[in-house]
Amino acid sequence: MDKIGFIKKDIYNLECSVNGKLRNHDVELVTEYFMAEQKKNEAFYFKIEGEGHDRFSRCFWADATSRRAYGFYGDVVVFDTTFNTNRYDLTFAPMLGVNNHGQTIVLACAFLSKETTESFVWMFEEFKKAMPGGEPKTIITDQDAAMAIAISIAFPTTFHRLCIWHITSKFSVKLPRDAYNEYWSEFQKAIWDTDNKDEFDAKWNIVVTKAGLTDHPWLSSMFDLRESWVPAYARQFFAAGMSSSQRAEGSHGFFKQYISRRNSLMDFIIRFERALSHQREKELVADHVDAFEVAQCLLPMPMNKQMATLYTRTMFQKFEQELIESTACFLELKTEDACKVVFNVSERKNWETRVAEVVYVKDSDHASCSCQRFEFVGIICKHILALFRRDQIEYMPEKYILKRWKKTAKCGLVSDANGKEIKDCADPGLLIKRSTMSRLASDVVEDALMSEEGCEVLSETLKSLQVKLKLLKDGPSNNEVGGSSSQTQYMKDPKRVRCKGRSKGVTGAKEKAMKRGIRHCRECGHIGHDRRQCPALNTP
């Protein structure tokens, strides 16, 4: 320790000194960083805008890897904003997706100074410009009015699904305590245990009437929005098995391990890229496992072996579980109550119609089942698998295997709106070149360390080489900013903003008194006495 030459306080002082020198140059650094990334790979897309005397207001960016990922997994997007990520209190707004391993991936990011409809529309429009393949099929968000309006404007054909977790968690707050305690279990059954719209409507109306809440404004508003969050209504739209935005919440928690509210924008970008590389490393590991290993099959069936070679390991495990559960359904097909066990319908005529519909699946475009698992998750359900086994269909028809869940999901070209291919790396052999040069540099350093003269020669040579490489790197000046705009002057750093997600609640007189240090009785909450002298306890 005595040979280090500095202490923790010295590092803190150095950090403060560097931050002082970079003050008022934050946006300039971020702009130059984005321009450098775009120079490395022209598929890097970004846009920076300002307001009022050219002061930074918002920015959007997406690298080539994210844009390519959208070409393969852009059918479902999860969107949720988060706070406390930078010193300006700008809202960080990542758009997330799900890859073929079921992992969360980043599709694009933005900083917004305002959470207004206009800001969200601007972000979504930039998202559409950057991403290949058009609008997503489904977007999942929390219940934000400005966000909902923006989605209806920017993504008119996209199904907007509201996070069911956010809605159900409000029941305990919005409903009277007695009504919630007594009827919450019935609300849950109506929401989760219904297979069709009419059944949900009937159960909902029954429990609302029993609870005496027919005129409750919040419940009425949630019923009016039922097509956006109730599974019986929303299950028909593909959402990769997601009914909430909790995947975004988990992603925010992961990235906040790397960033803090003290970060400048440039600090944030550097730390975020580090976290993103760790996230993508997990995807590469999963790709490697699927490329060189085949999952073991619990059931020695031709269809199971077929899907083990096609699906990624995560998706195959989900499929195999459905196949295992289909055994019980297959056995129930021989009983009189097969209709109730397999498809949860109550009349024999409905069962016969359903069987005819699913058997005809061989020549139709789509398998249908009341559970709608294939529509919602993209994997055939146990009920249809039972009918496949009954009809001795040994191999899964190709039309029921979604490419997005296959090991080869990322195979193929992805092009932007201009027909230009989006590549992860501008030079496919860059990693090989880097590895070769790293080994060469390591050997040179080892030889130079053998003598003092060798160290001096290498040091002088590296300094000279560094100057030459800088001249090659800089080249002609480039003032391009964004995917299609230019800028001749850097914007000013943003002012600190106040986001609506961080607003403070109204402080009552009791809370204010407690902050001033006035003691309160822990039993009754009143001032002027403590728990030992509380009248409520001493009353005979």
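Higher on the page you've got the structure.
Because the structure is predicted, anything quoted here is derived from the model rather than measured. (Residues numbered from 1 in each chain as written. Predicted model: local features only at pLDDT ≥ 70, side-chain atom pairs only at ≥ 80, totals over all residues. Heavy atoms only, no water.)

A.B. asks: Could you clarify how one ought to interpret the overall build of the chain in this entry?
C.D. replies: Of regular secondary structure, the chain possesses 23 helices and eight strands. In the chain, buried positions account for 43% of the 540 residues. For the chain, restricting intrachain contacts to residue pairs at least 6 apart in sequence, the fraction spanning at least 24 positions comes to 66%. As displayed, the chain offers around 30600 Å² of accessible surface, 53% of which is attributable to carbon and sulfur atoms. (Helix = DSSP H or I, 4+ residues; strand = E, 2+ residues; numbered from the N terminus. Buried < 20%, exposed > 50% of the residue type's maximum accessible area, 1.4 Å probe, protein only. Contact = heavy atoms within 4.5 Å. Areas by Shrake-Rupley, 256 points an atom, 1.4 Å probe, with all protein chains shown as cover.)

A.B. asks: What is the right way to read the pairing of strand S2 (residues 55-62) from this model?
C.D. replies: A regular strand places its side chains on the two faces of the sheet in alternate fashion. Most of S2 sits out of view: seven of its eight residues are buried. Sheet analysis places strand S1 (residues 45-51) next to S2, joined by seven bridges and oriented antiparallel. Its bridge partner being in S2, phenylalanine 46 is matched across the sheet by tryptophan 61. Here S2 pairs with strand S6 (residues 104-112) via four bridges, running antiparallel. Of the residues in S6, the one forming a bridge with tryptophan 61 is cysteine 109. (Pairing = 2+ DSSP bridges.)

A.B. asks: Which parts of the structure should I look at to understand a negative patch on the surface?
C.D. replies: Residues Glu452, Glu453, Glu456 and Glu460 make up a contiguous surface patch of negative charge. Here glutamate 460 is to be found in helix H21 (residues 452-474). (Patch = residues over 30% accessible without salt bridge, like charges linked within 9 Å, V, L, I, M, F, W, Y side chains within 5 Å. Salt bridge = Lys/Arg side-chain N within 4 Å of Asp/Glu carboxyl O. Lys, Arg positive; Asp, Glu negative; His and termini not counted. Charge placed at Lys NZ, Arg CZ, Asp CG, Glu CD.)

A.B. asks: Explanation requested: the pairing of strand S3 (residues 76-79) in the structure shown.
C.D. replies: Judged by which residues are buried, S3 turns out to be covered on both faces: Val76 and Val78 on one side and Val77 and Phe79 on the other are all buried. In this structure, S3 lies alongside strand S7 (residues 138-141), joined through three bridges in parallel fashion. Following the sheet pairing, valine 78 is matched in S7 by isoleucine 140. Across two bridges, S3 lies against strand S5 (residues 95-98) in antiparallel orientation. Looking at the pairing, valine 78 lines up with leucine 96 of S5.

A.B. asks: Help me understand the nonpolar core in this model?
C.D. replies: Within the largest apolar cluster, 62 residues are counted, with the highest numbers of intra-cluster contacts made by Trp61, Phe111, Phe272, Tyr311, Phe319 and Met396. In terms of residue count, the dominant contributor to this core is helix H13 (residues 265-292) (seven residues). Excluding residues that lie within four positions of it along the chain, phenylalanine 111 makes contacts with Phe56, Ser57, Arg58, Cys59, Trp61, Thr85, Asn86, Leu90, Thr91, Phe92, Leu265 and Phe268. Counting residues in each nonpolar core, the second largest holds 36 residues, with Val121, Trp122, Met123 and Phe155 among its members. (Core = buried A, V, L, I, M, F, W, Y, C linked by side-chain atoms within 4.5 Å.)

A.B. asks: Explain the pattern of salt bridges to me, please; I cannot follow it from the model alone.
C.D. replies: Two side chains carrying opposite charge are able to pair once their charged atoms lie near each other. Applying the stated criterion to the full structure yields 22 salt bridges. For the salt bridge of arginine 404 with aspartate 75, the shortest nitrogen-to-oxygen distance reads 2.8 Å. Of this pair, arginine 404 sits in the loop between helix H19 (382-390) and helix H20 (430-448) while aspartate 75 sits in the loop between helix H3 (64-73) and S3; the two residues are 329 residues apart in sequence, bridging distant segments of the chain. Each member of the pair, arginine 404 as well as aspartate 75, is classed as buried. Aspartate 201 serves as the salt-bridge partner of arginine 226, at 3.3 Å between the closest nitrogen and oxygen. One end of the pair, arginine 226, is in the loop between helix H10 (217-224) and helix H11 (231-234); the other, aspartate 201, is in helix H9 (residues 197-210), with 25 residues separating them in the sequence. In the salt-bridge network here, residues are joined through shared partners; they are Lys47, Glu126 and Lys129.

A.B. asks: Explanation requested: the packing of aromatic side chains in the structure shown.
C.D. replies: Scanning the entire structure with this criterion turns up 38 aromatic pairs. Members of the aromatic cluster, each reached through a chain of ring pairs, are Tyr33, Phe34, Phe44, Phe46, Trp61, Phe92, Phe111, Phe254, Phe255, Tyr258, Phe268 and Phe272. Its end group placed over the ring of phenylalanine 223, arginine 226 keeps NZ or CZ at 4.0 Å from the ring centre. Positioned above the aromatic ring of tryptophan 405, the side-chain terminus of arginine 404 is 4.5 Å from the ring centre. (Phe/Tyr/Trp six-rings, centres within 6.5 Å; stacked < 30°, edge-to-face > 60°. Lys NZ or Arg CZ within 6 Å of the ring centre and 35° of its normal.)

A.B. asks: Mind showing me how you'd approach the state of the cysteines here?
C.D. replies: The term disulfide refers to a covalent linkage connecting the sulfur atoms of a pair of cysteines. A complete count under the given rule lists zero disulfides for this structure. The thiol of cysteine 109 is not disulfide-bonded; the next cysteine sulfur, from cysteine 59, is found 9.2 Å away. Given a relative accessible area of 2%, cysteine 109 falls into the buried group. (Disulfide = S-S within 2.5 Å.)

A.B. asks: Help me out: how do you make sense of the environment of aspartate 290 in this one?
C.D. replies: Mapped onto the secondary structure, aspartate 290 falls in helix H13. C-alpha separation for the pair aspartate 290 and threonine 309, spaced 19 residues apart in sequence, amounts to 8.9 Å. Sequence-distant contacts of aspartate 290, that is, excluding residues within four places in its chain, are made with His101, Thr312, Arg313 and Lys407.

A.B. asks: Sorry, what's going on with a nonpolar patch on the surface here?
C.D. replies: The grouping of Leu462, Leu465, Leu469 and Leu472 at the surface amounts to a nonpolar patch, some 410 Å² of accessible area in total. Examined against the element boundaries, leucine 469 turns out to sit in helix H21. When its relative accessible area of 47% is taken as the criterion, leucine 469 is described as partly exposed.

A.B. asks: Can you help me understand the environment of glycine 50 in this one?
C.D. replies: Mapping glycine 50 onto the fold places it in strand S1. For glycine 50, a relative accessible area of 36% gives the class partly exposed. For the pair glycine 50 and aspartate 493, spaced 443 residues apart in the sequence, the C-alpha separation amounts to 9.6 Å. Contacts of glycine 50, omitting those with residues within four sequence positions, involve Arg55, Phe56, Ser57 and Met491.

A.B. asks: Got a minute to help me understand the packing of helix H4 (residues 117-130) against helix H5 (residues 145-154) in this structure?
C.D. replies: In a pair of packed helices, the angle between the axes and the distance between the axes together describe the arrangement. At a minimum axis distance of 8 Å, the contact between H4 and H5 shows a crossing angle of 40°. What the angle tells us is that H4 and H5 run oblique. Note that H4 runs across H5; the crossing there is right-handed. Along its contact with H4, which presents Thr117, Phe120, Val121, Phe124, Glu125 and Lys128, the element H5 presents Ala146, Met147, Ile149, Ala150, Ile151, Ile153 and Ala154. Broken down by class, the residue content of the contact of H4 with H5 amounts to ten nonpolar, one polar and two charged. (Axes fitted to C-alpha atoms, helices over the stretch in contact; angles between N-to-C directions. Parallel < 35°, antiparallel > 145°, perpendicular 65-115°, else oblique. Left-handed = near helix turned anticlockwise from the far one by under 90°. Nonpolar A, V, L, I, M, F, W, Y, C, P; charged D, E, K, R; others polar.)

A.B. asks: Is there a simple way to think about H13 in this case?
C.D. replies: Three- or four-residue spacings in an α-helix give side chains the same orientation, since the helix completes a turn every 3.6 residues. In this model, H13 (28 residues) spans 41 Å end to end at C-alpha, consistent with the 40 Å of a helix rising 1.5 Å per residue. Within the span of H13, buried status applies to Leu265, Met266, Phe268, Ile269, Phe272, Ala275, Leu276, Gln279, Glu283, Ala286 and Asp290. Residues of H13 that are buried sit in contact with helix H2 (26-40), S2, strand S4 (91-92), S6, helix H12 (246-255) and helix H15 (313-332). (Expected span 1.5 Å × (residues − 1).)

Keep in mind these numbers describe shape, not what the thing actually does.
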